[in-house]
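Listed here are the chains, written in short residue letters.
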Amino acid sequence: MEKELQITGKQFYDAYVLIAPGSDYGRAMWSDIASLENGMVLDHVLKPTNRILSVLHHIHFSFVINRRLQLPFQKIWRRLYAINGVPFDKDRRYCVIYTDVSAARTDLNYLEELSGKKNITLVLVMVNTMARRASLLKKKLPCFSRIFSFDEQDSLKYGFVYHPTNYSMPDMGDFREVKSDAFYVGVSKGRAGMLADIYATLTKGGAKADFCVVGVKRSERRREGIRYNEWMPYPSVLQHIRESNCIVEVMDGSQRGVTLRTMEAICYNKKLLTNNPLMKNSKYYKTGNIQVFTAPDEIDVAFVKDRSPVDYGYEGEFSPIHLLEHINRMEAGSE
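A quick note: this is a predicted structure, and the numbers were derived from the prediction, not measured.

A. Looking closely at the overall build of the chain. The helix and strand inventory of the chain stands at twelve helices and twelve strands. Against the compact-globule benchmark of 20 Å for 335 residues, the chain has a radius of gyration of 21 Å, which places it among compact chains. In the chain, which comprises 335 residues, the share counted as buried stands at 53%. Contacts in the chain between residues far apart in sequence, at least 24 positions, make up 69% of those at least 6 positions apart.

B. Seen up close, the sheet that holds strand S1 (residues 15–19). Across the sheet, which stays open at both edges, the six strands sit in the order S2-S1-S3-S4-S5-S6 with parallel pairing between neighbours. In this open sheet, the two strands that pair with only one neighbour each are strand S2 (39–42) and strand S6 (161–162). Along the sheet, helix H1 (residues 24–34) makes contact with S1, S2, strand S3 (94–99) and strand S4 (120–126), crossing S2 at roughly 150 degrees. Taken strand by strand, helix H12 (residues 321–332) contacts S1, S3, S4, strand S5 (146–149) and S6, and its axis lies near 135 degrees from that of S5.

C. Expanded view of the environment of Glu224. By secondary structure assignment, the location of Glu224 is in the loop between strand S8 (209–214) and strand S9 (227–228). Judged by relative accessible area, which is 78%, Glu224 ranks as exposed. As a C-alpha pair, Glu224 and Ala200 span 24 residues in sequence and 9.5 Å in three-dimensional space.

D. Region of interest: the pairing of S1. Across the five residues that make up S1, a large majority, five, are buried. Of the two faces of S1, both are covered, the one formed by Ala15, Val17 and Ile19 as well as the one formed by Tyr16 and Leu18. By the bridge criterion, five bridges tie S1 to S3 in an arrangement that is parallel. Each bridged residue has a counterpart across the sheet, and for Tyr16 the counterpart in S3 is Cys95. As defined by bridge partners, S1 adjoins S2 across four bridges and the pair is classed as parallel. Note on S2: the bridge partner recorded for Tyr16 is Gly39. The handedness of the S1 to S2 crossover, carried by H1, is right-handed.

E. Spotlight on the sheet that holds strand S10 (residues 244–249). What the six strands build is an open sheet, ordered S9-S8-S7-S10-S11-S12; its pairing is parallel. Two strands in the sheet have a free side with no partner beyond their single neighbour: S9 and strand S12 (290–292). Two strands pair when backbone bridges link them, and strand S7 (residues 180–187) and S10 are joined in this way by three bridges, in the parallel orientation. Bridge assignment links Ala182 to a residue of S10, and that residue is Cys246. Lying on the sheet, helix H8 (residues 192–204) is in contact with S7, S8, S10 and strand S11 (271–274); it crosses S8 at an angle near 170 degrees.

F. Spotlight on the pairing of S3. Of all six residues in S3, six are buried; the element is thus mostly enclosed. Alternating residues of S3 divide into Tyr94, Val96 and Tyr98 and Cys95, Ile97 and Thr99, and every residue in both groups is buried.

G. View of the nonpolar core. Grouped together as the largest cluster of nonpolar side chains are 36 residues, with contacts concentrated most on Ile83, Val96, Tyr98, Leu122 and Phe144. Secondary-structure elements contributing two or more residues to this core are S1, S3, helix H4 (100–104), helix H5 (108–115), S4 and helix H6 (130–137). Beyond its immediate stretch of four places on either side in the chain, Tyr98 contacts Ile19, Ile83, Ala103, Thr106, Tyr110, Leu111, Leu114, Leu122, Val123, Leu124, Val125 and Phe144. One finds Val185, Ile247, Leu260 and Tyr284 within the second-largest nonpolar core, a separate group that totals 29 residues.

H. Local environment of the pattern of salt bridges. Counted according to the given criterion, the structure contains twelve salt bridges. For Asp107, the salt bridge is made with Arg78, and the minimal N-O distance between the two is 3.1 Å. Of the two residues, Asp107 sits in the loop between H4 and H5 while Arg78 sits in the loop between helix H3 (63–68) and S3, which places them 29 residues apart along the sequence. In this structure Asp107 comes out as buried when scored by relative accessible area, which is 3%. With a shortest N-O distance of 3.1 Å, Glu317 and Lys283 are connected by a salt bridge. Residue Glu317 is found in the loop between helix H11 (301–305) and H12, and its partner Lys283 is found in the loop between S11 and S12; the two are separated by 34 residues along the sequence. Relative accessible area serves as the criterion here: at 30%, Glu317 is assigned to the partly exposed category. Here the salt bridges do not stand alone but share partners, grouping Arg78, Asp107 and Glu113 into one network.

I. Representation of the packing of aromatic side chains. Following the criterion strictly, the structure yields 13 aromatic pairs and no others. An angle of 55 degrees between the planes, with centres 6.0 Å apart, marks the rings of Tyr25 and Trp231 as tilted. Highlighted residues: Tyr25 in helix H1 and Trp231 in the loop between S9 and helix H9 (234–242), separated in sequence by 206 residues. Assessed through its relative accessible area of 58%, Trp231 is described here as exposed. Ring geometry for Tyr25 versus Tyr234: centroids 4.7 Å apart, planes at 50 degrees, classification tilted. You can see Tyr25 sitting in helix H1 and its partner Tyr234 sitting in helix H9, a full 209 residues away along the chain. With respect to burial, Tyr25 and Tyr234 carry one shared label: buried. Members of the aromatic cluster, joined through ring pairs, are Tyr284, Tyr312, Tyr314 and Phe318. Stacked on the ring of Tyr228, the Lys or Arg Arg222 has its end atom at 5.1 Å from the ring centre.

What counts and how
Residues numbered from 1 in each chain as written. Predicted model: local features only at pLDDT ≥ 70, side-chain atom pairs only at ≥ 80, totals over all residues. Heavy atoms only, no water. Helix = DSSP H or I, 4+ residues; strand = E, 2+ residues; numbered from the N terminus. Rg over C-alpha atoms; globule rule 2.2 N^0.38 Å. Buried < 20%, exposed > 50% of the residue type's maximum accessible area, 1.4 Å probe, protein only. Contact = heavy atoms within 4.5 Å. Pairing = 2+ DSSP bridges. Axes fitted to C-alpha atoms, helices over the stretch in contact; angles between N-to-C directions. Right-handed = clockwise from strand over helix to strand, strands pointing away. Core = buried A, V, L, I, M, F, W, Y, C linked by side-chain atoms within 4.5 Å. Salt bridge = Lys/Arg side-chain N within 4 Å of Asp/Glu carboxyl O. Phe/Tyr/Trp six-rings, centres within 6.5 Å; stacked < 30°, edge-to-face > 60°. Lys NZ or Arg CZ within 6 Å of the ring centre and 35° of its normal.

Right, dumping it as structure tokens:
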């Protein structure tokens, strides 16, 4: 996909500012917005600062702690927020977009003050389910004029606006020889046992499987050959994708919708092995490059090993530029 990025349709804002979650995965999702003439992506809630302050901020807004008890004095960080460096002009209209992660790491009073400015519209984009974020965000949700979710169930339950997950398709670099038949990377979230069974099915069928699972507890079932609790930075994930024939996706039980692994498979023309039944309704399923299973013993290993060319005909459908167009359509009253 080699197209100049631009927003189609009428624009209601002079500029778009997105506060990313502060990870290399986040940059992969949102970088298209930074490519716009009137777009800006702030990589983190905090402006670049020393590592000690970054660690202290992370602890102060720890999701584990704040789910149980909101720590006091969080407003002390507001002078270090990256958004303070945006030269807001009172005569221009701004759409400021937070993800659920960046909103959870911003103090409530700051969001309330920002939402009170007449020329700023605050938008929240859920990149995780409410099952994982509700306790951190419930007091902050009223600050946002629009709330989008990739999860159709959450959209119905909480009155959010459904919008598919965003992905900006980082450059993969030059083609590399395929070294593995199947690649999985992700956090366990209770899936370690199923992943071990999938790995066993693939390897018994003669497939070379490349699995990396993090966040695995001692009590969870493991299998020799899988790499456990080795964090993989996103550039390395892209390298493994580039060298794999098929991407494996296993839903965590609370998700419904298109996931990052699915978008990677479609963007980079890799086969997809998934237990997401909704993929059967996708236009990409018709290409014959996606296999949907419910149990590991249903997997067709021959499909995974087949090296036939893959082409989904992807034309930028996941780009966050479409989120901005969605926001503008809502402003126009056409949705």
